[in-house]
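These are the residues of each chain, in order.
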Amino acid sequence: MRLMVTSFGIEQALSSTSDGDSIFHGMPPVSFRSVNEAFMPDFELLVLCDQIVMDGSSFDRLVDSPARAYSGVADTFRALRDEGRIELVDFPHLLRSNADLLEKMLDHDMRTLDQWVVPLRESLTMWRHFAGMSMALWRDERQELHGASADHGAGEAAMRSHALVHEIAHLMHRAHGEASYLTFAVEEALDSAEKRKRREYRQPLREVLRAYLAYVNANLVLSNELNIGFHDWLDFTPFYSMKFLSVGKREDPAREGRDQVEKLFTVAFPDLAIGDTSALLKALNDRRIIDLRQLISDAVLGKVEFDEGFAASVLAEVLRSERRAGRARRVLGYLTLPIGFIPWIGTPAQKVIEEAVGTSMEGKIKREHQWFYMLSEIADSSTGGQGRTDS
Amino acid sequence: MKRRDHPQHTALSAIREAAAALADMRRTLGGSSAGKCVLWVDDHPGNNDIPRRLLEDAGASVELALSTAEAISRLEGRAGRVDLVISDMGQGENSIAGIELLRFLHRAGMCLPVIIYSDSPKAQERRGEIENLGAVGPVLGPKNLIAAVSRLL
């Protein structure tokens, strides 16, 4: 699957607004599920993609001078590029050639403001949740700024951290930030239909929605131009769902697949989750990835449900396969025993035949659940071969 | 065709980040200020709209005084019903109005938690005096103010 990965703030290619000093500017989406010492790439989605399509300048910004919070994401994308899995496109150029369309889309969207109230409310809830998860990371960046400033003056680390502070802590240090007032007013407007009728609330709501929808529309147009699905920040999902609903689509197919991978890795087999770049590359370069993707497609179509029952049945079948393979190996050992008596070459020949025939038989027996064996092997290699719960 | 700028004024990242900061301050405040009375002394109260509304949303009642003199007159009447005082440092020509309020409270023996909320250089210079008079500050920015309020209430 080819997939477009969005660049945050890409709609600004058409406007005078700029948040170029924000660490998020031009950055790809990150995982909302886990935030460790830095933002994490969305491995659940990347494992489904053979090829990633990205904006060229955004990619350069990401890999050349990432903020510390983005260092892990940058490593992953660098590795994907080295493997030839990143295709770079000039997004601003595509947007500029569709400027009129984007303007019409935005005007159309803004005509019925109230239809966006629920998506915006849901979006802000998701965002606040993510912000709550990652706030500790942001605080660390701030402390690092103070430390770096004290030690090295305006060093590179301080400059990077300053960009973070400037935008993320916009309100924290400046009481009069326009965005802060807007957001405050919008929070109240979202809670009260009565307030939404009043100009002092409706105007901020319009402004915030305009910013959200300009970005959402830009990604829809890019996706359409490139004729591929796209992956964006999770908190924009409610907007896309509303957009897709109006054209008779339930959900973005890429999002559905991604959600199913997440379910597989959180509900059914958390021990097998792909959680780092090395594991991702191993999976992408393994032929059995096709089996995993087929399983995910089946789940999207509702043929499989990734629950605890699914996990139990897979494990039971795998154990049965293992027993059958063990029995076959033993039988093969008896059958090849006479070869061992041939003088000089007997024992090595017996071993070679056992291995060749045994591997082929085992492959046939374990043909089911190839994806499971692949993920188990990757998980085992990343834990140094220590035993896993599935065995 | 001439390109027309979208009439978009506020960057999306600033909106999202402001939302995150507001949520963080709400979490910090929690229920600490519910039912508490805060006297806020500032000759430009409009500057404090956001932290004031956050306190009110969390259940505090916030009374505004436009000068140290007004604050003193209110405290003399009902000191026992005020749980916390937040004051700026400079008011009009008086660049140490906040210190004068602290001196009054000290002389009057009123043991009230006080936060000096100011980003003025004068307030920074007087940090030692502020602390000696038993107050917290100078506190800079709404996030630090909310953190100080939640500690003191």
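Residues numbered from 1 in each chain as written. Chains lettered and ligands numbered in written order. Predicted model: local features only at pLDDT ≥ 70, side-chain atom pairs only at ≥ 80, totals over all residues.

**Describing the overall build of chain A**
For chain A, the count of helices and strands is 18 helices and four strands. Going through the 391 residues of chain A one by one, you find that 39% of them count as buried. For chain A, the proportion of contacts with a sequence separation of at least 24, taken over those separated by at least 6, is 69%. (Helix = DSSP H or I, 4+ residues; strand = E, 2+ residues; numbered from the N terminus. Buried ≥ 20, exposed ≤ 12 C-beta atoms within 10 Å, placed from the backbone. Contact = placed C-beta atoms within 7 Å.)

**Comments concerning the overall build of chain B**
Each helix and strand counted, chain B has seven helices and five strands in total. In chain B, the order of α-helices and β-strands from amino to carboxyl end is α-β-α-β-α-β-α-β-α-α-β-α. The C-alpha extent of chain B, read off along each of the three principal axes, is 70 × 35 × 25 Å. Looking at chain B as a whole, 44% of its 153 residues are labelled buried. Partitioning the intrachain contacts of chain B with sequence separation of at least 6 by distance along the chain shows that 67% fall at a separation of at least 24.

**Overview of unusual backbone geometry**
For asparagine 227 of chain A, which is not glycine, the phi dihedral falls at a positive 60°. With respect to the helices, strands and loops of the structure, asparagine 227 of chain A is situated in the loop between helix H11 (199-226) and strand S4 (229-231).

**Some details on helix H1 (residues 12-29) of chain B**
Since the α-helix advances by 3.6 residues per turn, residues separated by three or four positions end up pointing in the same direction. Residues and elements named next belong to chain B. An ideal rise of 1.5 Å per residue puts 26 Å on 18 residues; H1 measures up with 26 Å between its terminal C-alpha atoms. For H1, a buried count of 15 out of 18 residues is recorded, marking the element as mostly surrounded by other parts of the structure. A positive backbone phi angle near 50° is found at glycine 30, which sits one or two residues after H1. (Expected span 1.5 Å × (residues − 1).)

**Observations concerning the sheet that holds strand S3 (residues 84-87) of chain B**
Adjacent strands of a sheet form backbone hydrogen bonds with each other and so pair up, either parallel or antiparallel. All names here are of chain B. Taken in spatial order, the five strands line up as S2-S1-S3-S4-S5 in an open sheet, and their pairing is parallel. Two strands bound the open sheet, and with one partner strand each, they are strand S2 (61-65) and strand S5 (136-139). Looking at each pair of strands side by side, their axes are set apart by 20° on average, direction ignored. Examined bridge by bridge, strand S4 (residues 114-117) and S5 share two bridges and lie parallel to one another. (Pairing = 2+ DSSP bridges. Axes fitted to C-alpha atoms, helices over the stretch in contact; angles between N-to-C directions.)

**Notes on the sheet that holds strand S3 (residues 86-89) of chain A**
Residue and element names in this part refer to chain A. Taken in spatial order, the four strands line up as S3-S2-S1-S4 in an open sheet, and their pairing is parallel. Of all strands in the sheet, those bounded by a partner on one side alone are S3 and S4. For this sheet, the mean inter-axis angle between neighbouring strands, taken without regard to orientation, is 35°. Bridge analysis of strand S1 (residues 2-5) against strand S2 (residues 51-55) gives three bridges, and the strand direction is parallel. Pairing of methionine 4 across the sheet is with valine 53, part of S2.

**A closer look at the environment of threonine 277 of chain A**
All names here are of chain A. When you line up the elements, threonine 277 lands in helix H14 (residues 277-284). Sequence separation between threonine 277 and proline 41 is 236 residues, and the spatial gap between their C-alpha atoms is 8.8 Å. Sequence-distant contacts of threonine 277, that is, excluding residues within four places in its chain, are made with Asp75, Thr76 and Ala79.

**Some details on the domain arrangement of chain A**
All names here are of chain A. The domains assigned to chain A are domain 1 (1-131 + 212-304) and domain 2 (307-391). Tallying the contact residues gives 16 residues for domain 1 and 16 residues for domain 2. Secondary-structure elements contributing two or more residues to the side of domain 1 that touches domain 2 are helix H13 (253-268), H14 and helix H15 (289-300). Ranked by residue count, the leading element in the side of domain 1 that touches domain 2 is H14, at four residues. Tallied by class, residues from the side of domain 1 that touches domain 2 come to nine nonpolar, one polar and six charged. (Domains from an automatic or database assignment. Nonpolar A, V, L, I, M, F, W, Y, C, P; charged D, E, K, R; others polar.)

**Brief notes about the nonpolar core**
One recurring pattern in soluble globular proteins: nonpolar side chains tend to sit buried together. In terms of nonpolar packing, the biggest core is built from 136 residues, with Tyr70 and Tyr212 of chain A together with Ile115 and Ile116 of chain B touching the most fellow members. Of all the elements, H11 of chain A adds the most residues to this core, at 14 residues. Structurally, this core is a two-domain feature, drawing no fewer than three residues from each of domain 1 (1-131 + 212-304) and domain 2 (307-391) of chain A. (Core = buried A, V, L, I, M, F, W, Y, C linked by C-beta atoms within 7 Å.)

**Description of the confidence of the model for chain B**
Confidence along chain B averages 82 in pLDDT terms, with 92% of residues attaining 70 or more. Long-range and interchain partners of residues 1-8 of chain B, a stretch whose pLDDT sits below 50, account for 14 contacts in this model, where long-range means more than four residues apart. (pLDDT = per-residue confidence, 0-100.)

**Regarding helix H3 (residues 68-78) of chain B**
All names here are of chain B. Taken together, the buried positions of H3 are occupied by Thr68, Ala71 and Leu75. Considered in projection along H3, the buried side chains sweep an arc of 55° and stay on one side of the axis. Of the exposed residues in H3, the ones pointing more than 90 degrees away from its buried face are Ser73, Glu76 and Gly77. For H3, the secondary structure elements touched by its buried residues are strand S1 (37-41), S2, S3 and helix H4 (97-108). (Arc of directions from axis to C-beta.)

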